[in-house]
Amino acid sequence: PRPHPTLRVRPLTCTETRRGDQQVVHSLGDGAVHVSAARHDATFGFSAVFDAGASQEAVFEGSGMRQLVELAIDGFSCTVFAFGQTGSGKTYTLMGPLAQSETQPASPALLGLMQRSFTCLLEQSRSRGSDLALSASYLEIYNEQVRDLLSPGPPCALPLRWSKTRGFYVENQLSVEFESLEAIVSLLLQGVMQSIPHPAGSQRRRTSAHALNRHSSRSHALLTVHVRSRAHHPPNVVLQASACPSKQGTLCFVDLAGSERVKETGSSGELSVEANSINRSLLALGHCISLLAKPRGKRTHIPYRDSKLTRLLARSLGGSGITLMVACISPSSRCLSETLSTLHYASRARKVTTRP
Ligand code: ADP
Ligand code: MG
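Residues numbered from 1 in each chain as written. Chains lettered and ligands numbered in written order. Predicted model: local features only at pLDDT ≥ 70, side-chain atom pairs only at ≥ 80, totals over all residues. Heavy atoms only, no water.

- Under the annotation held in an unreviewed UniProt entry, the protein chain carries the name Kinesin-like protein and is attributed to Vidua chalybeata.
- On record in UniProt, under Subcellular location (unreviewed entry), the comment for the protein chain is "Cytoplasm, Cytoskeleton".
- Among the UniProt annotations of the protein chain, the heading Sequence similarities (unreviewed entry) holds the following wording: "Belongs to the TRAFAC class myosin-kinesin ATPase superfamily. Kinesin family." (UniProt positions renumbered as here; feature names shortened; annotations may be inferred.)

Listed below in structure tokens is the structure:
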């Protein structure tokens, strides 16, 4: 199946409206979006476009996310990744405004693709009895280091290995079983809080949304739900364990680092290390995507090994993986050049074909 590039255009923020930013992005219907500004005039095509008026539910239902959840239950490796510049709505699309305040839960209407998918998985699990086992792992890639966001204590780097049977995998990665929405949402929050660097002794609870945004614009966060299903057998049939068919699917949510850092050059010290590793992984991802877009016969080797991100996503990008990409943009004239670069990047993904 092909990945489904979907576009989400967030509304203008209060600040943007107040300072009188022009809206330069317009949805034309039928998956077409038009960008018009002084020296630019271009139309881009997507599987689906969600504009400022689209609800979180509309994005879940219209992007193919529900089908992705069902494919994961059927044993496929499924990935949804949110891509775009900082402030374009990636985290909002995936999680809703959840991370803004720990004490005030978001209204159900604002829940993101993640919570909606969890609900869908748990409903399926309940209707199938105990035949569906769900567990989650949560990683981030920061400065080309993989960190486990579910393990307590200061984040430490975990090795990323490869084996013939498993492909790329993270050694000693924690995976936690869950059976309720509260449980998985609290794992999610725990991971979000864990991702922010804390000066010794500081209070986790007081971490601001600002600190969170600052950090998330420099790291990739990957939450993976492992879905193990056992086929149902009549109770009088005794099967050997090995003969009992079990499927293992995955559903991975990737909140990518802000794409605007791709162009950052000339910064010094810590910032340039961060910018370089984000550069490297987003460019490697773009490179793999454009190679996968070539006709099968003309395809050369796909350089998944070029970054940690592409190694971790190798299974979902190639092979029998199914990928949903949500490109996020701001409609503001001030974001024009970043918006165009996101649209170009996403339109390459449109052409990728992988084996079913
Ligand atoms: P990113 O994760 O790409 O940096 P965020 O998801 O944090 O961006 O969004 C930036 C700001 O815009 C946040 O204040 C968020 O609440 C708001 N926002 C993003 N998308 C929407 C939307 N579709 N509707 C309303 N507000 C949004
Ligand atoms: Mg974010």
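Description of the site of ligand 1
Point 1. If you check the shell around ligand 1, you find Arg8, Arg10, Pro11, Gln85, Thr86, Gly87, Ser88, Gly89, Lys90, Thr91, Tyr92 and Asn213 and nothing else.
Point 2. Contact distances for ligand 1 include 3.1 Å between an oxygen atom and a backbone N or O atom of glycine 89.
Point 3. Tyrosine 92 places a main-chain nitrogen or oxygen 2.7 Å from an oxygen atom of ligand 1.
Point 4. For ligand 1, the protein covers 77% of the area, taking 550 Å² as the surface of the free molecule. (Near = heavy atom within 4 Å. Polar contact = N/O pair within 3.5 Å; in protein donor to acceptor, adjacent residues only side chain to side chain. Areas by Shrake-Rupley, 256 points an atom, 1.4 Å probe, with all protein chains shown as cover.)

Focus on the packing of aromatic side chains
Think of a pair of aromatic rings as described by two things: how far the centres are apart, and how the planes are tilted against each other in angle.
Point 1. In the structure shown here, the tally under the stated rule is three aromatic pairs.
Point 2. Between phenylalanine 118 and phenylalanine 253, the ring centres sit 5.9 Å apart and the planes meet at 75°, which makes this aromatic pair edge-to-face. Of this pair, phenylalanine 118 sits in helix α5 (residues 113–127) while phenylalanine 253 sits in strand β14 (residues 246–255), placing them 135 residues apart in sequence.
Point 3. Overall, the relative accessible area of 0% leaves phenylalanine 118 in the buried class.
Point 4. Every member of this aromatic cluster is reached through a ring pair, and the members are Phe118, Phe178 and Phe253.
Point 5. A cation sits over an aromatic face here: arginine 166 above tyrosine 169, 3.8 Å from the ring centre. (Phe/Tyr/Trp six-rings, centres within 6.5 Å; stacked < 30°, edge-to-face > 60°. Helix = DSSP H or I, 4+ residues; strand = E, 2+ residues; numbered from the N terminus. Buried < 20%, exposed > 50% of the residue type's maximum accessible area, 1.4 Å probe, protein only. Lys NZ or Arg CZ within 6 Å of the ring centre and 35° of its normal.)

Considerations on the nonpolar core
Point 1. In this structure, Met65, Tyr138, Val225, Leu251 and Phe253 are the most contacted members of the largest nonpolar core, which totals 46 residues.
Point 2. In this view, leucine 251 contacts Met65, Leu68, Val69, Ala72, Cys78, Ser117, Leu121, Leu223, Thr224 and Val225; residues no more than four positions away in its chain are not counted. (Core = buried A, V, L, I, M, F, W, Y, C linked by side-chain atoms within 4.5 Å. Contact = heavy atoms within 4.5 Å.)

Concerning the layout of surface pockets
Point 1. Taken as a whole, the largest pocket holds about 810 Å³ of empty space.
Point 2. Contributing to the lining of the largest pocket are 34 residues, with Arg166, Phe168, Tyr169, Leu312 and Arg315 lying nearest its centre.
Point 3. Those elements giving two or more residues to the lining of the largest pocket turn out to be β6 (77–83), β7 (132–142), β10 (160–163), β11 (167–170), β13 (219–230), β14 and α9 (308–317).
Point 4. Ranked by residues supplied to the lining of the largest pocket, first place goes to α9 with six residues.
Point 5. Residues belonging to the lining of the largest pocket are distributed by class as follows: 15 nonpolar, 14 polar and five charged. (1 Å grid on protein atoms, 1.4 Å probe; cavity = no way out; pocket = protein on both sides within 12 Å on 5 of 7 lines; lining within 4 Å. Points joined across faces, edges and corners; volume = space filled by probe spheres on them. Nonpolar A, V, L, I, M, F, W, Y, C, P; charged D, E, K, R; others polar.)

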